[in-house]
Amino acid sequence: MKAVKDNTGGGTVQTYHKVDGTLHSELKAESQSNIMISKPDHFSMTDDAITAKGLQGIKITGAYKLIPIPYHLTVYLDIICKD
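The rules we used
- Residues numbered from 1 in each chain as written.
- Predicted model: local features only at pLDDT ≥ 70, side-chain atom pairs only at ≥ 80, totals over all residues.
- Heavy atoms only, no water.
- Helix = DSSP H or I, 4+ residues; strand = E, 2+ residues; numbered from the N terminus.
- Rg over C-alpha atoms; globule rule 2.2 N^0.38 Å.
- Contact = heavy atoms within 4.5 Å.
- 1 Å grid on protein atoms, 1.4 Å probe; cavity = no way out; pocket = protein on both sides within 12 Å on 5 of 7 lines; lining within 4 Å.
- Points joined across faces, edges and corners; volume = space filled by probe spheres on them.
- Nonpolar A, V, L, I, M, F, W, Y, C, P; charged D, E, K, R; others polar.
- Core = buried A, V, L, I, M, F, W, Y, C linked by side-chain atoms within 4.5 Å.
- Buried < 20%, exposed > 50% of the residue type's maximum accessible area, 1.4 Å probe, protein only.

Caption draft 1: Quick look at the overall build of the chain. Per the secondary structure count, the chain includes zero helices and six strands. In summary, the chain has a C-alpha radius of gyration of 19 Å against a globular reference of 12 Å for 83 residues, an excess of more than 25%. On the principal axes, the C-alpha backbone points of the chain span a range of 65 × 35 × 20 Å. Look at the contacts in the chain between residues 6 or more apart in sequence, and 38% of them connect residues 24 or more apart.

Caption draft 2: Inspection of the layout of surface pockets at higher detail. Size it by volume and the largest pocket reaches roughly 1,000 Å³. Around the largest pocket, the lining is made up of 34 residues, and of these L23, H24, S25, I60 and T61 lie nearest the centre. Looking at the lining of the largest pocket, the elements that each hand over two or more residues are β1 (2–6), β3 (15–17), β4 (23–25), β5 (32–37) and β6 (45–51). For the lining of the largest pocket, a count of residues per class yields 17 nonpolar, 11 polar and six charged.

Caption draft 3: Here's a closer look at the environment of Q14. Within the element layout of this structure, Q14 appears in the loop between β2 (12–13) and β3. Spatially, the C-alpha atom of Q14 lies 17 Å from that of S38, the residues being 24 residues apart in sequence. Here Q14 is in contact with H24, S25 and E26, once residues within four sequence places are set aside.

Caption draft 4: Here's a closer look at the side chain of S33. Topologically, S33 is positioned in strand β5. Not counting residues up to four positions away in its chain, the partners in contact with S33 are V4, K5, D6, N7, L27, D47, D48, A49 and I50.

Caption draft 5: Quick look at unusual backbone geometry. Non-glycine residue D41 carries a positive phi angle of around 65°. Along the chain, D41 falls in the loop between β5 and β6.

Caption draft 6: Layout of the nonpolar core. Grouped together as the largest cluster of nonpolar side chains are six residues: V4, V13, I35, I37, M45 and I50. Listed by contribution, the elements that provide at least two residues to this core are β5 and β6. Excluding its chain neighbours within four sequence positions, the residues that come into contact with V4 are T12, V13, T15, S25, L27, S33, N34 and I35.

Written out as structure tokens, the structure reads:
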């Protein structure tokens, strides 16, 4: 699931998911947006710092990597008790 929201005017920004895994959106001029990306069995991520303020006709890029949740990871703990 991916969602790009316009924090300036409210609502959701139209987002296109391409075959190579990239997301493309058209942001309004002078807008502040955020993106939330999630995938089953992965930690989700949110970026609230996407802005088009002061920019005109410039491509904004960002790279995000979703990390798998390690469900079957063995964890060893040392329990130390002191009196």
